[in-house]
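An overview of the molecular structure
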Number of protein chains: 2
Amino acid sequence: MAASLTPYKDYDSKSKFLFAVDCTVFGVSENRLRLLIFEREVEPLAGEWSLLGSFINRNESTRDAASRILLELTGLDNIYMEQLHCFAEPNRDPGGPVISVAYWSLIKINQNDREFNVDNHKARWVSIDEMPELILDHGEMVTMAIRRLRERAKFYPIGFELVPKEFTLRQLLSVYEAIFDHKIDDRNFRKKILKSGLLTMLDKKDKTTSRKGSYLYEFNKDTYRQLQDKGYNFEF
Amino acid sequence: MAASLTPYKDYDSKSKFLFAVDCTVFGVSENRLRLLIFEREVEPLAGEWSLLGSFINRNESTRDAASRILLELTGLDNIYMEQLHCFAEPNRDPGGPVISVAYWSLIKINQNDREFNVDNHKARWVSIDEMPELILDHGEMVTMAIRRLRERAKFYPIGFELVPKEFTLRQLLSVYEAIFDHKIDDRNFRKKILKSGLLTMLDKKDKTTSRKGSYLYEFNKDTYRQLQDKGYNFEF
DNA sequence: ACAAAAGTGTTCAGAGTACACCCATGT
DNA sequence: ACATGGGTGTACTCTGAACACTTTTGT
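Residue numbering note: each chain is counted from 1, following its sequence as written. Here the convention is simple: chains get letters from A, ligands get numbers from 1, in the order in which they are written. Only residues with pLDDT of at least 70 are given local features in this predicted model, and only at 80 or more are side-chain atom pairs given and counted; all residues enter the totals for whole chains, interfaces and linings. Hydrogens are left out, water is left out, and the side-chain values use all remaining heavy atoms of the structure.

1. With respect to the protein's contact with DNA strand C
We define proximity as follows: a residue is near a molecule or strand when any one of its heavy atoms falls within 4 Å of that partner. Lys191 and Tyr215 of chain A together with Arg187, Asn188 and Lys192 of chain B are the nearest of the 20 residues found near DNA strand C. Put simply, 43% of the atoms of DNA strand C that lie within 4 Å of the protein are in sugar or phosphate. Here a polar contact is recorded for every N or O atom pair within 3.5 Å, except that within protein the pair must consist of a potential hydrogen donor and a potential acceptor, and residues adjacent in sequence are included only if both atoms are side-chain atoms. Between a base nitrogen of DNA strand C and a side-chain N or O atom of Arg187 of chain B, the distance comes to 3.4 Å. Secondary structure counts use DSSP, requiring at least four H or I residues in a row for a helix and at least two E residues in a row for a strand, with both numbered from the N terminus. Listing elements by their share of the surface near DNA strand C, those giving two or more residues are helix 5 (186–195) and strand 9 (214–219) of chain A together with helix 5 (186–195) of chain B.

Rendered as structure tokens:
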């Protein structure tokens, strides 16, 4: 028990719990919304598919713990991350009384996938419609995370977390198609996204996908931050 | 430790925590968004203002615990309630390593305030702009809860949780004014809310506020549930 | 010259916004 | 008759939705 001014006097008699975080990590590749899953290494349930998680230590917050996990995995420490929900059904974990706080995060797949390969985790990107059964309540976490992601994506500039620093409109459109799982009219998309003021057109073209080449954009950080606070309608 | 198939083998060596829930309870009265606060009864920090909370037991979920608290307080068990966030900063509680899951809920003030009076809790409704300092991170919980409430209220039919079973349009409008903290044009409000299909006009009038009397409405449960899933734009 | 992706504009319908007067009734 | 709150309609603007052809350029 940590140093404290006036400890709870019946501290020892109360129920205590282990505390864990689990991360739902999303990315988009090949026009699909994908999720990073792991082969669990510890008993119980070793060898089954799960989210990446960790117990938390006495001196870290849940957010610290989630960042720590993502850093170990990707080598990146500026990943978009939000708390999702605390899962605490009694007996949710056959390993003991463990309460878990789920986080969800977004990463740019192509930018990082090399690092996953050299990593010693047994990780796999799966499309969200081809997800295998996950252990414990991790399936429920994913369902909730997808719902939350779609809700955020509708009103906050979130698609940008899934796209490289410089990107084409087609790439961005395709991220939104993957998140919302429906086709988007490209003319209306361009019109609306350009009107938002979020994008700055660069004087460069990406020639990898067509002979004509398509303009690269980056996003305008000021507008981006404003819209994170105020919200904007990103329904297409 | 509960019965389990294969317990974590280093269970005893890991950090363990007490686990609590705290409830942010909102209501609307006299055109103000209000919050229920309590004089804390236990040490440490007894006598200061706080949210209503409780430790959770081994065999209840956080949701059960939050419902339990609200039931004790109000005598009602069908209160609108959502999980807000898990607060776990190290040393957030001087009483020991306690992690808290915050919930927020909405209740109809006039319907229940009698029960608060006979209750032995030292409770008080305060307008959100006249809130005193709260203990620990409870102020932060409230700030986040207000933000979440406003977000929900914009897109989901939530105002109805704050209004009696039969209500006038003026009452409903005034709930939305309180939540969003700005005046709403009553003609546009009527037009939009009636178009949503959420309301059924009753063949009764409330004559307590004017000589002419104003029609009472109730909400249409089917439409209500649909809009809870799909969402609707409740910005006025 | 042709294939393949990029880029561009218009029309229509529906929703939001601003705004001012008459209605019903108890006293 | 009048005071009080309840109830109603219109014009304008803006946004969203549907929809098809031209441009560029490497081969």
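2. Digging into the pattern of salt bridges
By salt bridge we mean one thing: a side-chain nitrogen of Lys or Arg within 4 Å of a carboxyl oxygen of Asp or Glu. Here the structure, examined in full by the defined rule, presents 26 salt bridges over all chains. With a closest N to O distance of 3.8 Å, Glu151 of chain B and Arg152 of chain A form a salt bridge. Residue Glu151 of chain B is located in helix 3 (residues 138–155), and its partner Arg152 of chain A is located in helix 3 (residues 138–155); the two belong to separate chains. Its salt-bridge partner being Asp186 of chain B, residue Arg170 of chain B comes within 3.5 Å of it at the nearest N-O pair. Of this pair, Arg170 of chain B sits in helix 4 (residues 169–180) while Asp186 of chain B sits in helix 5, and the two are 16 residues apart along the sequence. The partly exposed category is assigned to Asp186 of chain B, whose relative accessible area is 30%. If you follow the salt bridges from partner to partner, you end up with Glu60, Arg68 and Glu72 of chain A in one network. For the exposure calls, accessible area comes from a 1.4 Å probe over protein chains only, and a residue counts as buried if that area is under 20% of its type's maximum, exposed if over 50%, partly exposed in between.

3. As for the domain arrangement of chain A
How big an interface is tends to be stated in terms of the accessible area lost upon association of its parts. All names here are of chain A. Under the domain assignment used here, chain A contains domain 1 (17–154) and domain 2 (156–227). For domain 1 and domain 2, the distance between their C-alpha centroids amounts to 27 Å. Listed as interface residues are 16 residues of domain 1 and, on the opposing side, 14 residues of domain 2. By buried area we mean the combined loss of accessible area, with a 1.4 Å probe, across both parts when two parts are placed together. Surface buried jointly by domain 1 and domain 2 totals about 1400 Å² across both partners, of which 65% is contributed by carbon and sulfur atoms. Summed over the shared surface of domain 1 and domain 2, the number is zero salt bridges. What counts as a domain boundary in this text is fixed by an automatic or database domain assignment. Here, residues are in contact when the closest pair of their heavy atoms is within 4.5 Å.

4. Some details on the pairing of strand 6 (residues 98–106) of chain B
Residue and element names in this part refer to chain B. Within strand 6, nine of the nine residues are buried, which leaves the element mostly enclosed by the surrounding structure. The alternating pattern of strand 6 places Val98, Ser100, Ala102, Trp104 and Leu106 on one face and Ile99, Val101, Tyr103 and Ser105 on the opposite face, and all of these are buried. Pairing between two strands is assigned when DSSP locates at least 2 bridges connecting them. Pairing geometry for strand 1 (residues 18–29) and strand 6, over nine bridges, is parallel. Looking across to strand 6, one finds that Ala20 is bridged to Ser100.

5. Side note on the relation of the copies chain B and chain A
Look at the two chain copies: a rotation about an axis and a shift along it is all it takes to match them. Expressed as a screw operation, the relation of chain B to chain A combines 0.0 Å of axial shift with a rotation of 180°, fitting to an RMSD of 0.1 Å. In short, the pair behaves as if placed about a two-fold rotation axis. Among all residues of chain B, the one whose C-alpha sits closest to the rotation axis is Phe17 of chain B, at a distance of 2.6 Å. A share of 100% of interface residues in chain B that are also interface residues in chain A marks the association as one of identical surfaces. Superposition of the copies used a least-squares fit over C-alpha atoms from residues whose pLDDT is at least 70 in both.

6. What about the protein's contact with DNA strand D?
Near DNA strand D there are 19 residues, and of these Asn188, Lys192 and Lys212 of chain A together with Lys212 and Tyr215 of chain B occur at the shortest range. Put simply, 41% of the atoms of DNA strand D that lie within 4 Å of the protein are in sugar or phosphate. Lys192 of chain A places a side-chain nitrogen or oxygen 3.0 Å from a phosphate oxygen of DNA strand D. Contact between DNA strand D and Lys212 of chain A: a base oxygen at 3.0 Å from a side-chain N or O atom of the residue. At five residues, helix 5 of chain A tops the list of elements feeding residues into the surface near DNA strand D. Gly is put with the polar residues, along with every residue not named as nonpolar or charged; the nonpolar set is Ala, Val, Leu, Ile, Met, Phe, Trp, Tyr, Cys and Pro, and the charged set is Asp, Glu, Lys and Arg. For the surface near DNA strand D, the residue count by class is one nonpolar, five polar and 13 charged.

7. Details of unusual backbone geometry
For residues that are not glycine, phi is negative in most cases, and the peptide bond is trans in most cases. Residues and elements named next belong to chain A. Cis geometry marks the peptide bond from Glu43 to Pro44; its omega dihedral reads -5°. One non-glycine residue, Asn31, lies in the positive phi region at around 60°. Structurally, Asn31 can be placed in the loop between strand 1 (18–29) and strand 2 (32–39).

8. Focus on the packing of helix 3 of chain A against helix 4 (residues 169–180) of chain A
Residues and elements named next belong to chain A. To get an axis, a line is fitted to the C-alpha atoms, and for a helix only the part in contact is used. The angle between two axes follows their N-to-C directions and goes from 0 to 180 degrees. Two numbers describe how helix 3 lies on helix 4: the axes approach to 10 Å, and their chain directions differ by 140°. With respect to their mutual orientation, helix 3 and helix 4 come out oblique. In the packing of helix 3 onto helix 4, the handedness of the crossing is left-handed. For the pair helix 3 and helix 4, contact is made by Leu149, Arg150, Ala153 and Lys154 and by Tyr176, Ile179 and Phe180, respectively. Among the residues forming the contact of helix 3 with helix 4, the class breakdown is five nonpolar, no polar and two charged. Any angle that falls under 35 degrees is termed roughly parallel, while one over 145 is termed roughly antiparallel, one within 65 to 115 roughly perpendicular, and all others oblique. The sense of a crossing depends on the near helix, which, turned anticlockwise from the far helix by less than a right angle, makes the crossing left-handed and, turned clockwise, makes it right-handed.

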